[in-house]
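# Structure assessment
Spelled out, the chains give:
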Amino acid sequence: MLSYLRLDHPNIVKYHATYEDVNKFYFVMELCPKGLFDKGHTIKIFRHSEIKKLVREIIHAMQHYFARKIIHRDIKPENILLQED
C-alpha cells in the first residue's frame with residue numbers, strides 16, 4: 001500500500017492522483033485556498049488563540065506522520081495551507 005493512502009487525517013491535505021507529462025508531474029489534491037503567506041510573501045497576522053489552534057493542528061498532523069514512520073522534511077510556512085473553515 002502506498003504511504004499517501006495511510007495519511008487520512010483532518011489536518012493533512014487530501015491527495016487524489018498524480019499525472020505525468022514529458023517534463024512535469026501534476027498532483028491533484030484537496031483545495032486549500034489560503035496559506036500562511038499571502039501572494040506578496042508577507043506573513044499573515046493571527047490572534048493568539050488562532051496561533052494556539054494552528055500549532056495544535058500541525059502537531060497532530062505530524063504525530064500522524066510519525067506514527068506511520070513518515071518524515072515530512074519540509075515543514076515551512078509555504079507548506080502550511082488553510083481551509084476557509
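Worth saying up front: this structure is predicted, and the values here are computed from it rather than measured.

What counts and how
Residues numbered from 1 in each chain as written. Predicted model: local features only at pLDDT ≥ 70, side-chain atom pairs only at ≥ 80, totals over all residues. Heavy atoms only, no water. pLDDT = per-residue confidence, 0-100. Helix = DSSP H or I, 4+ residues; strand = E, 2+ residues; numbered from the N terminus. Contact = heavy atoms within 4.5 Å. Pairing = 2+ DSSP bridges. Patch = residues over 30% accessible without salt bridge, like charges linked within 9 Å, V, L, I, M, F, W, Y side chains within 5 Å. Areas by Shrake-Rupley, 256 points an atom, 1.4 Å probe, with all protein chains shown as cover. Salt bridge = Lys/Arg side-chain N within 4 Å of Asp/Glu carboxyl O. Buried < 20%, exposed > 50% of the residue type's maximum accessible area, 1.4 Å probe, protein only. Polar contact = N/O pair within 3.5 Å; in protein donor to acceptor, adjacent residues only side chain to side chain.

### Examining the confidence of the model for the protein chain
- Residues at a pLDDT of 70 or more form 80% of the protein chain, whose mean pLDDT is 80.
- When mean pLDDT is taken per element in the protein chain, helix α1 (residues 48-67) scores highest with 91 and strand β3 (residues 34-35) scores lowest with 72.

### Observations concerning the environment of Met-29
- Along the chain, Met-29 turns up in strand β2 (residues 25-29).
- In this structure Met-29 touches Val-13, Lys-14, Tyr-15 and His-16, once residues within four positions along its chain are discounted.

### Overview of the pairing of β2
- Where strand β1 (residues 15-20) lies against β2, five bridges are found, and the strand directions are antiparallel. Among the inter-strand pairings, Tyr-15 is bridged to a residue of β2, identified as Met-29.
- In this structure, the hairpin formed by β1 and β2 is closed by a connection of four residues.

### Concerning a nonpolar patch on the surface
- A surface patch of nonpolar side chains, amounting to about 300 Å² of accessible area, comprises Tyr-19, Tyr-26 and Val-28.
- Positionally, Tyr-19 belongs in strand β1.
- Residue Tyr-19 is classed as exposed on the basis of its relative accessible area, which comes to 53%.

### Some remarks on the pattern of salt bridges
- Within this structure, the stated rule accounts for four salt bridges.
- Measuring nitrogen to oxygen at the nearest pair gives 3.7 Å for the salt bridge that ties Arg-47 to Glu-50.
- Between Lys-76 and Asp-74 there is a salt bridge; the shortest N-O distance is 3.6 Å.

### Describing unusual backbone geometry
- Even without glycine at this site, Lys-69 takes up a positive phi of about 60°.
- Within the secondary structure layout, Lys-69 lies in the loop between α1 and β4 (81-82).
- Judged by its relative accessible area of 78%, Lys-69 is exposed.
- Phi at Arg-73 is positive, roughly 65°, even though this residue is not glycine.
- Among the structural elements, Arg-73 can be located in the loop between α1 and β4.

### Examining the side chain of His-9
- Topologically, His-9 is positioned in the segment before β1.
- Looking at His-9, its side chain comes within polar contact range of the main-chain nitrogen of Asn-11, at 3.0 Å.
- If sequence neighbours within four positions are ignored, His-9 has contacts with Lys-14, His-60, Ala-61 and His-64.

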